[in-house]
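Descriptive analysis of the structure
Spelled out from the first residue to the last, the chains are:
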Amino acid sequence: MKEIAVLDGAAAGLRGLLMVAGFVLVLLTLAAAVRIVVGILDLGPRRSIPGVVVSISERRFLDFLPDQLNNALWDRGPNVGWSWSERRKVRHELVIDTGSGTHAWTLRDAKKASGIRAGQQVTLVVSPLVGFVDRLESSS
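Residues numbered from 1 in each chain as written. Predicted model: local features only at pLDDT ≥ 70, side-chain atom pairs only at ≥ 80, totals over all residues. Heavy atoms only, no water.

Below, the discussion takes up the overall build of the protein chain. When its secondary structure is counted, the protein chain shows three helices and five strands. Helices and strands appear in the protein chain in the N-to-C order α-β-α-β-β-α-β-β. Burial status across the protein chain gives 20% buried among its 140 residues. Partitioning the intrachain contacts of the protein chain with sequence separation of at least 6 by distance along the chain shows that 60% fall at a separation of at least 24. Accessible surface for the protein chain amounts to roughly 10,300 Å². Of this, 64% is attributable to carbon and sulfur atoms. (Helix = DSSP H or I, 4+ residues; strand = E, 2+ residues; numbered from the N terminus. Buried < 20%, exposed > 50% of the residue type's maximum accessible area, 1.4 Å probe, protein only. Contact = heavy atoms within 4.5 Å. Areas by Shrake-Rupley, 256 points an atom, 1.4 Å probe, with all protein chains shown as cover.)

This is the structure:
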């Protein structure tokens, strides 16, 4: 009788674990479906946004953290070699004045950001929902 009670307890624990795993799986599936739908809807016509570059800066993953915390996370000293922190993806944050205010976009391609300077007239071609920068045209 004692063995049956132990088995029933273990089965109940396993059943609870499977329910949590199923719930997490459903949440992940829903999140993926939402991302797919937003991506499909974002394939619509692009819009052009002219403006003047206010600033362009290089950004890295989690670089908004305070300096002390950033240094503790990423700095490993000169004798360690290339850690993943030095290989963190670089993106560029482009802030432009559109006449109706300043707006910021993220450029994930370094080629798009090369040669862009503050004060330069540019036209961004961006996606309608997410704001993905498809093209960056400069009017030197």
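What follows concerns the pairing of strand β2 (residues 90-97). Regular strands show a simple pattern: their side chains alternate between the two faces of the sheet. Sheet topology note: the strand β1 (residues 47-60)/β2 ladder contains eight bridges and is antiparallel. Looking across to β2, one finds that I56 is bridged to L94. Across six bridges, the pairing between β2 and strand β3 (residues 102-107) is antiparallel. Residue D97 lies in a different strand from β3, and its bridge partner there is T102. Hairpin connection from β2 to β3: four residues lie between these consecutive antiparallel strands, with G99 at a positive phi of about 95 degrees. (Pairing = 2+ DSSP bridges.)

Counting 13 residues, the largest nonpolar core has L94, I96, W105, L124 and L136 as its most contacted members. When residues of this core are traced back to their parent elements, those giving at least two are β1, β2, β3, β4 (121-126) and β5 (133-138). If you tally residues by element for this core, the top one is β4, at three residues. Among residues more than four places away in sequence, those in contact with I96 are I49, G51, V52, V53, V54, G101, T102, H103, W105, V122 and L124. (Core = buried A, V, L, I, M, F, W, Y, C linked by side-chain atoms within 4.5 Å.)

In this section: the pattern of salt bridges. This structure, assessed with the given rule, holds three salt bridges. A salt bridge links D134 to R46, with the shortest nitrogen-to-oxygen separation between them at 3.9 Å. Of this pair, D134 sits in strand β5 while R46 is found in the loop between α1 (2-41) and β1, placing the two residues 88 residues apart along the sequence. Judged by relative accessible area, D134 falls into the partly exposed class, the value being 31%. Residue class for R46 comes out partly exposed when judged on its relative accessible area of 34%. (Salt bridge = Lys/Arg side-chain N within 4 Å of Asp/Glu carboxyl O.)

Turning to its location among the elements, Q120 is positioned in the loop between α3 (110-113) and β4. Within the local environment of Q120, its side chain forms a polar contact with the backbone nitrogen of R117, the two atoms lying 2.9 Å apart. (Polar contact = N/O pair within 3.5 Å; in protein donor to acceptor, adjacent residues only side chain to side chain.)

Once that is clear, we can look at a nonpolar patch on the surface. A contiguous nonpolar surface patch, about 680 Å² in accessible area, is contributed by V20, F23, V24, V26, L27, L28 and L30. Tracing the sequence through the fold places L30 in helix α1. (Patch = residues over 30% accessible without salt bridge, like charges linked within 9 Å, V, L, I, M, F, W, Y side chains within 5 Å.)

So, on to the confidence of the model for the protein chain. When pLDDT is averaged along the protein chain, the result is 82, and 81% of the positions lie at 70 or above. Considering each helix and strand of the protein chain separately, the mean pLDDT is smallest for helix α2 (residues 67-74), with a value of 75, and largest for β4, with 92. (pLDDT = per-residue confidence, 0-100.)

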